[in-house]
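# Notes for the structure review
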Amino acid sequence: MARTQKTLLALPQREGVQAAAVAPTLLPNLKSSCFDRALHQGLLHPARRRCSPTSAPTPKLSKKRKVHAARDMFPTDWSPPPIEFLNLRVPQASRGAPAQRWLGPGGPQGLRTWAPQLPEELSQEPQDLDPQGSLTSLEELFWNMAGPSQKATAPVVDTHTLFTSGASESYANSLDYLLQEKREQALEQEREKLLQHDCPDLYSLDLAEDEAPLTPEHRMLVERFSMSLQVIPPVHPGETVFLPRRHPLYCVLDCSHLKPRSHLEGLFLSCPLAQQLSFLRSGLLSNLYLHTPDCPVPLLQWLFQLLTWPPETSSGAFGLLWDLSVNGLFHQSDGDKHWWCPSLQEVTEVFHSLGARSPALGLHEPRQHSGRVLKNSTSLNWSEQQDAPLEIALDVSLNYIYKFLALCALAQPGAYTDGDLLGLIELLCRVGLDVGLRLLPKTDLQQLLLLLLENIHEWPRKLQKLCCSLSEVSDHHHNLLALVQFFLDVTSRSRQLRSQLSLVVIARMLDQQETLPLWQEKAQLSLLSQLLSLMRPSSLRQYLGSETLPPCQEQQPKTNAELDHKVCYLCHSLLTLAGVVVSCQDITPDQWGELQLLCMQLDRHINTHIRESPHAMHRTRLKDLAAQTYVRWQELLAHCQPQA
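Residues numbered from 1 in each chain as written. Predicted model: local features only at pLDDT ≥ 70, side-chain atom pairs only at ≥ 80, totals over all residues. Heavy atoms only, no water.

For the rest of this paragraph, the subject is the overall build of the chain. Helix and strand counts for the chain come out as 24 helices and two strands. Taking all 644 residues of the chain together, the buried fraction comes to 36%. Only carbon and sulfur atoms are counted for the fraction: they give 55% of the accessible area of the chain, which is about 38,900 Å². (Helix = DSSP H or I, 4+ residues; strand = E, 2+ residues; numbered from the N terminus. Buried < 20%, exposed > 50% of the residue type's maximum accessible area, 1.4 Å probe, protein only. Areas by Shrake-Rupley, 256 points an atom, 1.4 Å probe, with all protein chains shown as cover.)

Once that is clear, we can look at the confidence of the model for the chain. Of the residues in the chain, 62% have a pLDDT of 70 or more, and the chain-wide mean is 74. Here residues 1-72 scores under 50 on pLDDT; set against residues more than four positions off or in separate chains, the count is 62 contacts. (pLDDT = per-residue confidence, 0-100. Contact = heavy atoms within 4.5 Å.)

A few words on the packing of helix H15 (residues 418-432) against helix H16 (residues 443-454). One way to put it is that H15 packs onto H16 with a least axis distance of 10 Å and a crossing angle of 165 degrees. Classed by the angle they form, the pair H15 and H16 counts as roughly antiparallel. Crossing of H15 against H16: the hand is left-handed. Residue-level contacts link Leu-421, Leu-424, Ile-425, Leu-428, Cys-429 and Gly-432 of H15 to Leu-445, Leu-448, Leu-449, Leu-452 and Leu-453 of H16. (Axes fitted to C-alpha atoms, helices over the stretch in contact; angles between N-to-C directions. Parallel < 35°, antiparallel > 145°, perpendicular 65-115°, else oblique. Left-handed = near helix turned anticlockwise from the far one by under 90°.)

The tally for this structure, following the rule as stated, stands at ten salt bridges. Note that Glu-426 is salt-bridged to Arg-430, the shortest N-O span being 3.0 Å. Residue Glu-426 and its partner Arg-430 are located together in helix H15, separated by four residues, close to a single helical turn. According to the relative accessible area criterion, Glu-426 is partly exposed, its value standing at 21%. When its relative accessible area of 12% is taken as the criterion, Arg-430 is described as buried. Here Arg-541 and Asp-564 are joined by a salt bridge, their closest N and O atoms 2.8 Å apart. (Salt bridge = Lys/Arg side-chain N within 4 Å of Asp/Glu carboxyl O.)

Tracing the chain through its elements places Leu-544 in helix H21 (residues 537-548). Under the relative-accessibility criterion, Leu-544 is labelled buried at 14%. As a C-alpha pair, Leu-544 and Leu-570 span 26 residues in sequence and 9.8 Å in three-dimensional space.

What follows deals with the nonpolar core. Counting 122 residues, the largest nonpolar core has Phe-268, Leu-285, Trp-302, Leu-303, Phe-351 and Phe-487 as the members making the most contacts within it. When residues of this core are assigned to their parent elements, the largest contribution, twelve residues, is made by helix H22 (residues 557-583). Leu-303 has contacts with Leu-280, Leu-285, Ala-317, Leu-320, Leu-321 and Leu-324, leaving out every residue within four places of it along the chain. (Core = buried A, V, L, I, M, F, W, Y, C linked by side-chain atoms within 4.5 Å.)

Take the packing of aromatic side chains next. Going through the model one piece at a time under the given rule, you end up with seven aromatic pairs. Plain terms: the ring middles of Phe-318 and Tyr-400 are 4.7 Å apart, the flat faces sit at 15 degrees to each other, and that makes the pair stacked. Taken together, the residues Phe-318 in helix H12 (residues 311-331) and Tyr-400 in helix H14 (residues 390-411) connect sequence positions 82 residues apart. A single burial state applies to Phe-318 and to Tyr-400, both of which are buried. These aromatic residues form a ring-pair network of at least three members: Phe-268, Phe-279 and Trp-302. (Phe/Tyr/Trp six-rings, centres within 6.5 Å; stacked < 30°, edge-to-face > 60°.)

On to the environment of Pro-342, then. Relative to the elements of secondary structure, Pro-342 occurs in the loop between H12 and helix H13 (344-353). Remark: the alpha-carbon pair of Pro-342 and Leu-300, spanning 42 residues in sequence, is separated by 9.3 Å. Setting aside residues no more than four positions away along its own chain, Pro-342 makes contact with Phe-304, Val-347, Phe-404, Leu-405, Cys-408 and Tyr-416.

This part covers unusual backbone geometry. A positive phi angle is found at Asp-511, which is not glycine, with a value near 60 degrees. On the secondary structure map, Asp-511 appears in the loop between helix H19 (492-509) and helix H20 (524-534).

Attention shifts here to a nonpolar patch on the surface. A contiguous nonpolar surface patch, about 350 Å² in accessible area, is contributed by Leu-175, Tyr-177 and Leu-178. Here Leu-178 lies in helix H6 (residues 159-198). Taking the relative accessible area as the measure of exposure, Leu-178 reaches 47% and is therefore partly exposed. (Patch = residues over 30% accessible without salt bridge, like charges linked within 9 Å, V, L, I, M, F, W, Y side chains within 5 Å.)

The next thing to look at is H13. Taking burial as the measure, the ten residues of H13 include eight buried ones, the bulk of the element. Inspection of H13 places Glu-346, Val-347, Thr-348, Glu-349, Val-350, Phe-351, His-352 and Ser-353 among the buried residues, and these make up the whole buried set. Of the residues one or two after H13, Gly-355 is the one with positive phi, at around 115 degrees.

Assignment of secondary structure puts Ser-573 in helix H22. Once residues lying within four places of it in the same chain are set aside, the contact partners of Ser-573 are His-477, His-478 and Leu-481.

In structure tokens:
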């Protein structure tokens, strides 16, 4: 404090007056700005700012200085005096003595005062220093401003190191982490290779569930909480009708009796099969025969045979065959022109060309030219046409055949005799049960069957024969149920066929087709009530067990579970067919008692004899079907109840 006062007294009087005038206004602002910057940078503790310079008493000065300050309060020269201690670029010689000092808390009266210390070489230019020296001076300034406690706790920070190596240190840490991770992955891979080398059969261990040793307690627990995977399948198993064919059969155009009417037609008839197919693909064949009044029958037969080829060829053949047939229909007058319809033998040969090999189809020996298999270049690059699955290609060809046969049935209802119609219906039903066609829609087949039923002349007499032949198409009850569903419930004949065929199938599955009068008129509901008593699960178990199980296997649990599944599966199909029989009937008030008896039989023989179990979900599904059938029959009872 004495040093500061001596420096101030050594100044001239004019400078002392100016300093005294500026000190009350400049120094508090300077002091507060330095405090704010130091506090913002975290160098000072917030508690130390409580002693503001405005609240602290000013040091005692002489009376003479007070008089000069009062007399020269408004000096003529308003320019501030040069204060060199604000400039950070202090000379190197004055670096040891800072330009400003704080009196610590141990000073007289515990006050902090700000007093500028002017250097002696004011007239000399300050020397330029490097940025590192400036940063060091600023660091010393704020270090002197900090208290003893902050000096003891504050870490030593190297400013140069902080700005130069901060970013590089983060990158170095990232690289070190990546290298360490790479090393760990390499070590894990080496350990895995060593483990595989030591234990080569580690991943090939396949312990079967039955071979795993189980204690009696564990085995009893597994048997108690195990569930059977045997369920009633929603899709019928189907029959193997078509075998996969890799090459199409050779289709020969019989042009021995044809006379060409133009040079282009003569060229078409004389060229080989590959060029004839080129005529078909390019559209020249349409230009030749589409606008003529009549079309040669051998050409129509050849196009019908091409329906069995891949879709790239069969689509063009079907389009031309359809257009030529419709064109011939419009040019037909008074029955002079003959409408060509494929015979039953030709339809059978077409199915044979598609790969049908089942003896149940009753296929005749194909003609000699139809048995040749095409394996040369005329096969239309058959391997390139196998992008679609074989089932899809088969379904496309069958749909083309069904559509053309439906056109023939509409255009010429009397083209087929009743015997041919019955044989064609049976053949189409056998084809529809193919395994590869189970999940595909059969809209074209169902429409064709409806048309063929309407074309039968002696319907009442042919119904019994048709039902007997259709009931022998398959030996599986679910396949026969699917066959019944081929006939839509839209016409009177189809409804009658569905009802009678379902009753015949139920009697055949229960071995009662010879004992019951199945063909008695208006006796279907009474016959069905007699068959419901035989559809009891316990009766079916005895019937199936006596046929399939040897006496030594009757006590095995696994065999009993399989038998229980077969019983529920058969009962489910038979109950569905019973629902078809009732739904196809026109229930009158006179038949109300018979329908009520059916409801009683259903509840007595089936609902009460099914015991649900979490281990056998097929029983639950069978009981659900029985409940739904019972509710449906109760609704019919409510609608046909007699008024009396």
